[in-house]
Amino acid sequence: KIVYFESKKYFIGDESSSSTLIEPGVYCYNFNHDLMPSIPESFSGIFGKVSYEITAVQDIPWHTNEKYSVPFVVVRHNNLPKTRHPYVVEKVIKFACLTEICKFIVTLANGIEYAAGEVIPIKIEYENLGNDIIEQTKINFKRQIVYTSFGDDNYFEQDTILTKQEDGNQSLICTSLHLPLTLVKSNERYCKVVTVEYYINVVSVICGCHQNAKMKIPITIGD
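Chemist: What should I look at first to understand the environment of Gln-165 in this one?
Modeler: With respect to the helices and strands, Gln-165 occurs in strand 10 (residues 154-167). Overall, Gln-165 belongs to the partly exposed group, its relative accessible area being 42%. A C-alpha to C-alpha distance of 23 Å links Gln-165 and Ile-221, two positions 56 residues apart in sequence. Within the local environment of Gln-165, its side chain forms a polar contact with the side chain of Asp-167, the two groups lying 3.1 Å apart.

Chemist: For this particular structure, what's the right way to read a nonpolar patch on the surface?
Modeler: Together, Phe-11, Ile-12, Ile-22, Tyr-27, Tyr-29, Phe-31 and Ile-54 make up an exposed nonpolar region whose accessible area comes to about 640 Å². As for its placement among the helices and strands, Tyr-29 is situated in the segment before strand 1 (43-44).

Chemist: How should I be thinking about the nonpolar core in this particular structure?
Modeler: Counting residues in each nonpolar core, the largest one holds 39 residues, and the members touching the most others are Phe-104, Ile-122, Ile-124, Phe-141, Ile-200 and Ile-219. If you list the elements that add at least two residues to this core, you get strand 5 (87-94), strand 6 (101-108), strand 8 (119-128), strand 9 (134-148), strand 11 (172-178), strand 12 (194-206) and strand 13 (213-222). The dominant element in this core, judged by the number of residues it contributes, is strand 12, at 6 residues. Ignoring anything within four residues of it in the chain, the contact list for Ile-124 reads Phe-104, Ile-105, Val-106, Thr-137, Ile-139, Ser-171, Leu-172, Ile-173 and Val-202.

Chemist: Sorry, what's going on with the packing of aromatic side chains here?
Modeler: The description of an aromatic ring pair rests on the distance of the ring centres and on the angle between the ring planes. Applying the stated rule across the entire model yields 7 aromatic pairs. A ring pair is formed by Phe-47 and Tyr-147, whose centres lie 5.4 Å apart and whose planes are at 75 degrees; its orientation type is edge-to-face. In this pair, Phe-47 is assigned in the loop between strand 1 and strand 2 (49-50) and Tyr-147 in strand 9, connecting sequence segments 100 residues apart. Grouped by ring-pair contacts, the aromatic residues Phe-11, Tyr-29 and Phe-31 constitute a single cluster. Its end group placed over the ring of Tyr-190, Arg-76 keeps NZ or CZ at 3.5 Å from the ring centre.

Chemist: Even after reading the chapter, I still don't get the environment of Ile-112, so can you show me in this structure?
Modeler: In this structure, Ile-112 sits in the loop between strand 6 and strand 7 (113-115). Note on Ile-112: relative accessible area 25%, which makes it partly exposed. Considered as a pair, Ile-112 and Cys-97 are 15 residues apart in the sequence and their alpha carbons are 33 Å apart. When near neighbours in sequence (up to four residues on either side) are disregarded, Ile-112 contacts Tyr-87, Ile-217, Pro-218, Ile-219 and Thr-220.

Chemist: Quick question: what am I supposed to make of the sheet that holds strand 12 here?
Modeler: In space, the 5 strands of this open sheet follow the order 7-13-12-9-10, with mixed pairing throughout. Of all the strands in the sheet, the pair left with one neighbour each is strand 7 and strand 10. Strand-to-strand, the axes of this sheet are offset by a mean angle of 30 degrees, without reference to chain direction. For strand 9 and strand 12, the ladder comprises 13 bridges, and the chain directions are antiparallel. Counterpart to Tyr-147 in the pairing with strand 12 is Val-194.

Chemist: What is the right way to read the side chain of Thr-107 from this model?
Modeler: For Thr-107, the position within the fold is in strand 6. Owing to a relative accessible area of 13%, Thr-107 belongs among the buried residues under this scheme.

Calculation rules
- Residues numbered from 1 in each chain as written.
- Predicted model: local features only at pLDDT ≥ 70, side-chain atom pairs only at ≥ 80, totals over all residues.
- Heavy atoms only, no water.
- Helix = DSSP H or I, 4+ residues; strand = E, 2+ residues; numbered from the N terminus.
- Buried < 20%, exposed > 50% of the residue type's maximum accessible area, 1.4 Å probe, protein only.
- Polar contact = N/O pair within 3.5 Å; in protein donor to acceptor, adjacent residues only side chain to side chain.
- Patch = residues over 30% accessible without salt bridge, like charges linked within 9 Å, V, L, I, M, F, W, Y side chains within 5 Å.
- Areas by Shrake-Rupley, 256 points an atom, 1.4 Å probe, with all protein chains shown as cover.
- Salt bridge = Lys/Arg side-chain N within 4 Å of Asp/Glu carboxyl O.
- Core = buried A, V, L, I, M, F, W, Y, C linked by side-chain atoms within 4.5 Å.
- Contact = heavy atoms within 4.5 Å.
- Phe/Tyr/Trp six-rings, centres within 6.5 Å; stacked < 30°, edge-to-face > 60°.
- Lys NZ or Arg CZ within 6 Å of the ring centre and 35° of its normal.
- Pairing = 2+ DSSP bridges.
- Axes fitted to C-alpha atoms, helices over the stretch in contact; angles between N-to-C directions.

Here it is in structure tokens:
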């Protein structure tokens with residue numbers, strides 16, 4: 001449990017005041033509090049959650065205090081960049097010790113920041129100088145949630161949200177991933193207790209007993 005902020009307001013009396021007699025009637029007290037810019041968004045998962053509440057307490061002398069709590073939801077608005085630049089990852093690999101090199105290039109034309117419901121265009125290029133046959137190219141859009149406790153014990157929740165597969169020994173693959181509308185936003189910049197991260201994993205499946213090529217690209221989900 002981490003308390004990101006705690007603020008107390010006294011509607012009747014103050015921290016050092018004595019008992020105050022309240023006459024019968026209805027009393028209404030208005031208040032407001034600015035949330036810190038870096039506050040994490042509300043979230044609920046298997047091993048933990050980020051939640052918020054407002055609590056009002058009646059401090060009654062010689063009696064048990066009356067406490068009332070009302071939950072509220074925090075929704076962050078993380079604006080995506082107005083101008084998006086292509087994101088290119090290049091990897092030079094050898095599928096086996098005695099084979100020639102292969103240049104493996106993945107290009108995301110619209111960068112690595114997206115909103116839920118958007119389409120991610122993906123271009124994959126192979127410059128294969130050897131005779132190795134690439135049987136398949138697998139593209140997975142994955143989410144990883146890391147729960148961190150006070151004892152620095154980490155619990156992981158991982159799932160594959162989207163999967164695409166391109167068959168054949170192609171030198172150029174142009175495809176896309178259509179993101180679901182219900183994605184929880186990335187929060188690794190704001191929360192260290194429950195961290196939500198996304199990435200695209202591209203795997204080249206090679207014919208024979210050779211090592212597959214893998215590419216992992218982090219993706220940020222905002223709005």
